[in-house]
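A structural walkthrough
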Amino acid sequence: MQITDVRVRKVAKEGKLKAVVSITLDDEFVVHDIKVIEGEKGHFIAMPSKKALDGEYRDIAHPINSETRERIQSIILAKYEEVLSEQPEE
């Protein structure tokens, strides 16, 4: 499985949510609404989720193992940093 496209939409408002990302896998399958979040130890991703009946949020799409999660996260965060560097400082 290859990530063949990454699209980053920066979030303008203040807060921990910094961007919303879509990734395309093998030019055949898209996952929308992956969030880039600023945490205490740096940026990380949160997979798309929805609120369950019990009030908890549950991922609706996610990697099965940590290696895949790390690979997806590193590719997304690299693209996020690239987008940040391309935009002029305000």
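See the structure above.
Just so it is clear, the structure is predicted and the values come from calculations on it, not from any experiment.

**Observations concerning unusual backbone geometry**
At Asp27, a residue that is not glycine, the phi angle is positive and equals roughly 55 degrees. With respect to the secondary-structure elements, Asp27 resides in the loop between strand S2 (17-25) and strand S3 (29-39). Positive phi outside glycine occurs at Asp33, with the angle close to 65 degrees. Note that Asp33 resides in strand S3.

**A short note on the nonpolar core**
Of all hydrophobic cores here, the largest spans 17 residues; its most connected members are Val8, Val21, Ile23, Ile34, Val36, Ile45 and Ile76. Contributions of two or more residues to this core are made by strand S1 (3-10), S2, S3 and helix H1 (66-86). Sort the elements by how many residues they give to this core and H1 lands first, with five residues. Look past the residues within four positions of Val36 in its chain and what remains in contact with it is Lys16, Leu17, Lys18, Ala19, Val21, His43, Phe44, Ile76, Leu77 and Tyr80.

**Description of the environment of Ala61**
Mapped onto the elements of the fold, Ala61 is located in the loop between strand S6 (57-59) and H1. With relative accessibility at 27%, the residue Ala61 sits in the partly exposed group. Each C-alpha atom of the pair Ala61 and His32 lies 9.5 Å from the other, and the pair is 29 residues apart in sequence. With residues up to four places along the chain from it excluded, the contact list for Ala61 reads Val31, Met47 and Pro48.

**Overview of the pattern of salt bridges**
Applying the stated criterion to the full structure yields five salt bridges. Notably, a salt bridge pairs Arg9 with Asp33, separated by 3.9 Å at the nearest N-O pair. Of this pair, Arg9 sits in strand S1 while Asp33 sits in strand S3, placing them 24 residues apart in sequence. Exposure remark for Arg9: the relative accessible area of 42% places this residue in the partly exposed category. What makes Asp33 partly exposed here is its relative accessible area of 42%. The shortest N-O distance in the salt bridge between Lys18 and Glu38 comes to 3.3 Å. Highlighted residues: Lys18 in strand S2 and Glu38 in strand S3, separated in sequence by 20 residues. Judged by its relative accessible area of 37%, Glu38 falls in the partly exposed class.

Rules of the game
Residues numbered from 1 in each chain as written. Predicted model: local features only at pLDDT ≥ 70, side-chain atom pairs only at ≥ 80, totals over all residues. Heavy atoms only, no water. Helix = DSSP H or I, 4+ residues; strand = E, 2+ residues; numbered from the N terminus. Core = buried A, V, L, I, M, F, W, Y, C linked by side-chain atoms within 4.5 Å. Buried < 20%, exposed > 50% of the residue type's maximum accessible area, 1.4 Å probe, protein only. Contact = heavy atoms within 4.5 Å. Salt bridge = Lys/Arg side-chain N within 4 Å of Asp/Glu carboxyl O.

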